[in-house]
Amino acid sequence: PGGHLMRLETRKIALGGVLSALSVTVMLLGGILPFATFVAPALAGLFLWPLKREFSVQTGITAYVAVGFLAFFFVPDKEQSLIFLFLLGFYPMIKEKLDKIHKTVLLLLAKVLLFNGLVFFMYSLILFVFPISEIVQEFATSSFALTIGLVLLSNFVFLLYDFALVRVRLLYEYRLRPLLFGGAR
């Protein structure tokens with residue numbers, strides 16, 4: 001019995017290393033592809049969720065901080081790194097807590113407020129506190145209508161991402177986890 005538990009723990013530790021490395025790799029590759037500014041942080045955060053599932057919230061958050069630190073210093077696209085740090089790196093780990101809100105309207109409101117509050121805070125830092133010239137220029141040349149349209153579109157895409165997280169978790173729980181750990185809960 002002790003050998004089985006040791007192998008299971010070894011698999012979990014290996015999973016932690018692989019998923020953290022995969023998250024960093026996705027962030028680095030996202031810095032190369034212009035359209036990946038939002039996709040790379042979403043995927044990188046998604047890869048960290050199993051660490052919370054298999055170990056603890058603290059392990060997941062520790063991996064998030066490590067990946068975020070590496071991404072901030074090594075990914076050329078700082079906007080992408082900040083999107084990971086401010087929202088998409090940790091959102092998959094806190095989604096379960098949010099989902100405990102049982103009233104659908106309150107749940108959606110909480111998610112949209114969280115998303116908009118963090119995005120507003122992040123872009124306030126980017127535009128006014130630690131200006132990133134390319135982004136400041138992009139905002140300066142964008143019309144108000146375009147900006148509002150992008151905000152509405154980003155809220156819709158965020159809610160799609162939130163919905164997709166449920167499906168990915170089910171895939172992990174019922175397909176991948178039994179392959180990795182032999183069905184151990």
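What you see as residue numbers is a count from 1 along each chain, following the sequence as written. This being a predicted model, a pLDDT of at least 70 is required before a residue's local features are given, and a value of 80 or more before pairs of side-chain atoms are given or counted; all residues contribute to the totals for chains, interfaces and linings. Side-chain measures here rest on the full set of heavy atoms in the structure, leaving out hydrogens and waters.

Secondary structure elements are defined from DSSP: runs of H or I of at least 4 residues count as helices, runs of E of at least 2 residues count as strands, and each element is numbered from the N terminus. The number of helices and strands found in the protein is eight helices and zero strands. Going from N to C terminus, the protein has its helices and strands arranged as α-α-α-α-α-α-α-α. In terms of overall dimensions, the protein has a C-alpha envelope of 65 × 40 × 25 Å along the principal axes. Here's how the labels work: a residue is buried when its accessible area is under 20% of the maximum for its type, exposed when over 50%, partly exposed in between, all with a 1.4 Å probe on protein chains only. Across the 185 residues that make up the protein, the buried fraction comes to 37%. In this description, contact between two residues means that some pair of their heavy atoms is separated by no more than 4.5 Å. In the protein, once contacts between residues fewer than 6 apart in sequence are set aside, the share between residues at least 24 apart is 68%. Areas reported as accessible are Shrake-Rupley estimates using a 1.4 Å probe. Residue values count occlusion only from the protein chains shown. Carbon and sulfur atoms provide 77% of the accessible area of the protein, an area that totals close to 11,000 Å². A gap of 13 Å separates the mean positions of the 16 positive and 10 negative side-chain charges of the protein. Just so you know, the count uses Lys and Arg for positive and Asp and Glu for negative, and it drops His and the chain ends. Where a charge sits is defined by one atom per residue type, namely NZ (Lys), CZ (Arg), CG (Asp) or CD (Glu).

A packed helix pair is summarised by two numbers, namely the angle formed by the two axes and the spacing between the axes. Only the contacting stretch of a helix is used when fitting its axis, a line to C-alpha atoms as for every element, and angles between N-to-C directions run 0 to 180 degrees. Viewed as axis vectors pointing N to C, helix α5 (residues 91-98) and helix α6 (residues 104-129) meet at an angle of 150°, and their least axial separation amounts to 11 Å. By the angle class used here, α5 and α6 are roughly antiparallel. Between α5 and α6 lies a crossing of right-handed hand. Across from Tyr91, Ile94, Lys95 and Leu98 in α5, the residues of α6 making contact are Leu107, Ala110, Lys111 and Leu114. Classification convention: Asp, Glu, Lys, Arg as charged; Ala, Val, Leu, Ile, Met, Phe, Trp, Tyr, Cys, Pro as nonpolar; all other residues, Gly among them, as polar. When grouped by side-chain class, the residues that make up the contact of α5 with α6 number six nonpolar, no polar and two charged. Any angle between 65 and 115 degrees counts as roughly perpendicular, while under 35 counts as roughly parallel, over 145 as roughly antiparallel, and the rest as oblique. A clockwise turn of the near helix away from the far one marks a right-handed crossing, whereas an anticlockwise turn of less than a right angle marks a left-handed crossing.

Attention shifts here to the environment of Ser23. Tracing the chain through its elements places Ser23 in helix α1 (residues 2-30). On the basis of relative accessibility, which here comes to 0%, the residue Ser23 falls in the buried class. As for Ser23 and Val65, which are separated by 42 residues in sequence, their C-alpha atoms are 12 Å apart.

Turning to the nonpolar core, a few remarks are in order. Throughout this description, the term nonpolar core refers to a set of buried Ala, Val, Leu, Ile, Met, Phe, Trp, Tyr and Cys residues connected via side-chain atoms within 4.5 Å. Counting residues in hydrophobic clusters, the biggest one holds 43 residues, and the most contacted among them are Met27, Leu48, Phe84, Met122, Ile126 and Tyr161. For this core, the secondary-structure elements that each account for two or more residues are α1, α2 (39-54), α3 (57-74), α4 (78-88), α5, α6 and α8 (144-181). Excluding its chain neighbours within four sequence positions, the residues that come into contact with Tyr161 are Ala42, Leu46, Leu88, Tyr91 and Pro92.

The geometry of α3 relative to α4 is characterised by a closest axis approach of 9 Å and an angle of 165° between their N-to-C directions. By the angle between their directions, the pair α3 and α4 is classed as roughly antiparallel. Pair α3 / α4 crosses with left-handed handedness. Across the interface between the two elements, Tyr64, Val67, Gly68, Ala71, Phe72 and Phe73 from α3 touch Lys78, Ser81, Leu82, Phe84 and Leu85 from α4.

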